[in-house]
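# Report on the structure
If you want the building blocks of each chain, they are given just below.
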Amino acid sequence: MTSTVSRKAAWEGLKRLSQDHVTPNHSVADIFPWGILKTVGSRDPKEDRAHAIIASSVVEQALVFASLKRFPREDTDVLDQLFEGNGAPLSSFDASIRIAYSLGIIGKDTRDDLSSIRRIRNAFAHTRIKIDFDREEIRNACSQISLPQRWPEMGVDPSDAREVYLQSCFQYSLFLLTEDDGRGDAIKGASSVQLMRT
């Protein structure tokens, strides 16, 4: 395949693409594509790796989005240096979780859930063998996600690791994308905000 762009231009294009973050302007279908939020029937375990990685990346981007709204300056160059690229101190999922917790966007239980999601995502991304949500180590890690117990209205069976993970990613992303920096209530009710800040 012959290309008309340079390698540097191609790589810069990929970098820009990966920096295109989710915002509240995106639809749920844009954020969670390809049936990740399938609510009828069972999911195909062959899709678990892709679903785990995609769902967690949306949560990670939502954390960055919610955190950026808390910074008093809107100097995009400086903020990009914090959150994007090699050497950016807040560019990792772990750092995004820590900054959101430090800014009071999320509480301890949510921080711990997001840390579990991050570790599960890392297992899916870096394990060389075939794994899915039915594997014991993944099920055990998913059992550490407390959102379904703290919010039974979510309607997720706490013993279904796949649904616990994916639905928790969805709910946390939705909260973070609609979180309004504490000056009011941007989502369903005060109880939802309180839930995520515990």
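To be clear, the structure that these remarks concern was listed above.
Conventions and cut-offs
- Residues numbered from 1 in each chain as written.
- Predicted model: local features only at pLDDT ≥ 70, side-chain atom pairs only at ≥ 80, totals over all residues.
- Heavy atoms only, no water.
- Helix = DSSP H or I, 4+ residues; strand = E, 2+ residues; numbered from the N terminus.
- Expected span 1.5 Å × (residues − 1).
- Buried < 20%, exposed > 50% of the residue type's maximum accessible area, 1.4 Å probe, protein only.
- Contact = heavy atoms within 4.5 Å.
- Axes fitted to C-alpha atoms, helices over the stretch in contact; angles between N-to-C directions.
- Parallel < 35°, antiparallel > 145°, perpendicular 65-115°, else oblique.
- Left-handed = near helix turned anticlockwise from the far one by under 90°.
- Nonpolar A, V, L, I, M, F, W, Y, C, P; charged D, E, K, R; others polar.
- Phe/Tyr/Trp six-rings, centres within 6.5 Å; stacked < 30°, edge-to-face > 60°.
- Lys NZ or Arg CZ within 6 Å of the ring centre and 35° of its normal.

### Concerning helix α9 (residues 161-178)
- In a regular helix each residue adds 1.5 Å, so 18 residues correspond to 26 Å; α9 covers 26 Å between its end C-alpha atoms and thus fits that length.
- Burial analysis of α9 places 16 of its 18 residues in the buried class, the great majority of the element.

### Description of the side chain of D48
- Relative to the assigned elements, D48 resides in helix α3 (residues 48-68).
- Excluding its chain neighbours within four sequence positions, the residues that come into contact with D48 are F124, D132, F133 and R162.

### Overview of the side chain of R118
- Position of R118 among the secondary structure elements: in helix α6 (residues 108-126).
- Residue classification places R118 among the buried residues on the basis of a relative accessible area of 13%.

### Some words on the packing of α3 against α9
- Two elements in contact, α3 and α9, have axes separated by 8 Å at closest approach and are oriented at 20 degrees. By the angle between their directions, the pair α3 and α9 is classed as roughly parallel. In terms of crossing hand, the pair formed by α3 and α9 is left-handed. Contact residues: α3 offers D48, H51, A52, A55, S56, V58, V59, A62, L63, F65 and A66, while α9 offers R162, Y165, L166, C169, S173, L176 and L177.
- Its residues assigned to classes, the contact of α3 with α9 shows 13 nonpolar, three polar and two charged.

### What to know about the packing of aromatic side chains
- For the coordinates displayed, the defined rule picks out two aromatic pairs.
- Considering the side-chain rings of F124 and F133, the 4.9 Å spacing of their centres and the 50 degrees angle between planes classify their relative orientation as tilted. Of the two residues examined, F124 and F133, each falls in the buried class.
- Ring centres 5.2 Å apart and planes at 45 degrees place the aromatic pair F133 and Y165 in the tilted group. Taken together, the residues F133 in the loop between α6 and α7 (136-142) and Y165 in helix α9 connect sequence positions 32 residues apart. The exposure classification of F133 matches that of Y165, with both residues buried.
- One aromatic cluster is present, built from ring pairs that chain together F124, F133 and Y165.
- The ring of Y101 carries the charged tip of R111 above its face, separated from the ring centre by 4.4 Å.

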